[in-house]
Amino acid sequence: MELVPPTLVLFCATLAFVAVLYASVGQAGASGFVAVMALFGFAPEVIKPTALVLNVLVSSVVALRFGRAGYFSWPVLRPFLIASIPTACLGGYLTLPAGVFNLVLGVLLLAAGLPFFMRKTGHEPHVVPLPCIPAVLAGAVIGLLSGLSGMGGGVLLAPLLLYCNWTSIRTAAAVSAVFIFVNSAMALLGHLTIAGQLPAELSWFALAAVLGGAIGAQLGSRHLPAGIIYRVLGAILMIAGLKLVWV
């Protein structure tokens with residue numbers, strides 16, 4: 001479908017807003033982009049590859065911004081990423097009934113998001129050492145869910161890092177952004193091997209998403225208090241969970 005100019009402007013503005021919101025907490029916005037495209041009537045065969053392209057672009061901007069601010073930690077990311085890559089590929093080949101999978105993942109996201117509204121956020125928690133074996137196992141599970149759902153997996157990784165006090169809020173955001181970038185890039189490469197459609201206005205979509213991502217990442221890495229970042233991340237988890245449960 002081709003968007004007429006007024007609709008194109010509105011759509012790009014909505015994409016930018018979604019990117020600002022997600023990028024401020026280290027996420028790329030895949031679930032938000034999918035929801036916006038569905039709302040504007042995009043065909044299913046267009047939605048997934050377009051969301052993947054936007055996810056790769058926004059996550060790269062977010063990862064760069066948080067990394068330059070000094071929050072990225074390779075030792076934290078490594079066990080999750082190494083374990084997630086093969087299971088994400090496996091998840092891409094598996095197919096579960098859509099209703100069952102959406103319900104399970106939606107409930108998981110709701111359960112992950114609710115404590116963010118109850119947790120005291122006056123100060124950063126005391127960070128404890130990351131245990132290798134649990135991290136590898138968690139990375140494998142997150143990778144599998146990422147492959148099954150087509151999402152980057154950061155929306156599951158960030159809450160885990162924070163609940164277990166394995167990182168600070170901004171390090172969790174930086175690690176999640178790189179995790180999303182790698183998983184989304186691999187998913188996009190896999191998708192390019194089959195016939196897929198990309199909208200003619202993709203360059204405008206990409207520009208809006210990248211600008212929104214840059215603004216959001218700047219706010220999250222430099223300006224927003226940790227308490228607000230907690231609340232925004234919790235809201236994103238709750239919204240994504242409700243979307244999946246009610247589909």
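Everything discussed here concerns the structure shown above.
Residues numbered from 1 in each chain as written. Predicted model: local features only at pLDDT ≥ 70, side-chain atom pairs only at ≥ 80, totals over all residues. Heavy atoms only, no water.

**Focus on unusual backbone geometry**
If a residue is not glycine, its phi is most likely negative; likewise, a peptide bond is most likely trans.
Piece 1. Positive phi outside glycine occurs at Asn165, with the angle close to 60°.
Piece 2. With respect to the helices and strands, Asn165 occurs in the loop between α7 (154-163) and α8 (169-191).
Piece 3. Judged by its relative accessible area of 22%, Asn165 falls in the partly exposed class. (Helix = DSSP H or I, 4+ residues; strand = E, 2+ residues; numbered from the N terminus. Buried < 20%, exposed > 50% of the residue type's maximum accessible area, 1.4 Å probe, protein only.)

**Observations regarding empty space enclosed by the protein**
Piece 1. This model, assessed by the stated rule, comprises one cavity of 30 Å³ or more.
Piece 2. In this model, the largest cavity occupies a volume close to 110 Å³.
Piece 3. Lining of the largest cavity is provided by 15 residues; of these, Gln27, Gly29, Ala30, Gly152 and Val155 occupy positions nearest its centre.
Piece 4. Listing elements by their share of the lining of the largest cavity, those giving two or more residues are α2 (30-39), α7 and α10 (226-246). (1 Å grid on protein atoms, 1.4 Å probe; cavity = no way out; pocket = protein on both sides within 12 Å on 5 of 7 lines; lining within 4 Å. Points joined across faces, edges and corners; volume = space filled by probe spheres on them.)

**Describing the packing of aromatic side chains**
Piece 1. Counting across every chain of the model gives five aromatic pairs.
Piece 2. Aromatic ring contacts, followed pair by pair, group Phe11, Phe40, Phe42 and Phe205 into a single cluster. (Phe/Tyr/Trp six-rings, centres within 6.5 Å; stacked < 30°, edge-to-face > 60°.)

**Thoughts on the nonpolar core**
Piece 1. Counting 74 residues, the largest nonpolar core has Phe11, Phe33, Phe42, Phe80, Leu109, Leu161 and Phe205 as the members making the most contacts within it.
Piece 2. Filtering out sequence-adjacent residues up to four positions away, Leu109 remains in contact with Val155, Leu156, Leu237, Ala240, Gly241 and Leu244. (Core = buried A, V, L, I, M, F, W, Y, C linked by side-chain atoms within 4.5 Å. Contact = heavy atoms within 4.5 Å.)

**Here's the deal with helix α1 (residues 5-23)**
Piece 1. Spanning 19 residues, α1 covers 26 Å between terminal C-alpha atoms, matching the ideal 27 Å at 1.5 Å per step.
Piece 2. Taken together, the buried positions of α1 are Leu8, Phe11, Cys12, Leu15, Ala16, Val18, Ala19, Tyr22 and Ala23. One face of α1 carries all of its buried residues, which in axial projection span an arc of 165°. Among the exposed residues of α1, those pointing more than 90 degrees away from its buried face are Pro6, Val9 and Phe17.
Piece 3. Those residues of α1 that are buried lie in contact with α2, α3 (44-68), α9 (202-223) and α10. (Expected span 1.5 Å × (residues − 1). Arc of directions from axis to C-beta.)

**Overview of the layout of surface pockets**
Piece 1. Of the pockets and cavities examined, the second largest pocket occupies roughly 160 Å³.
Piece 2. Taken together, Leu108, Ala112, Ala138, Val141, Ile142, Leu145, Val155, Leu156, Pro159, Leu160 and Tyr163 form the lining of the second largest pocket.
Piece 3. Mapped onto the lining of the second largest pocket, the elements with two or more residues apiece are α5 (98-113), α6 (132-149) and α7.
Piece 4. Considering every element that reaches the lining of the second largest pocket, the biggest residue donor is α7, with five residues.
Piece 5. Looking at side-chain class alone, the lining of the second largest pocket contains 11 nonpolar, no polar and no charged residues. (Nonpolar A, V, L, I, M, F, W, Y, C, P; charged D, E, K, R; others polar.)

**Some details on the packing of α7 against α10**
Piece 1. Interhelical geometry of α7 versus α10 gives an angle of 135° and a closest axis separation of 11 Å. In terms of axis orientation, α7 runs oblique to α10. When the axes of α7 and α10 are compared, the crossing they make is left-handed. Two secondary-structure elements touch here, α7 through Val155, Ala158, Pro159 and Leu162 and α10 through Tyr230, Leu233 and Leu237.
Piece 2. When grouped by side-chain class, the residues that make up the contact of α7 with α10 number seven nonpolar, no polar and no charged. (Axes fitted to C-alpha atoms, helices over the stretch in contact; angles between N-to-C directions. Parallel < 35°, antiparallel > 145°, perpendicular 65-115°, else oblique. Left-handed = near helix turned anticlockwise from the far one by under 90°.)

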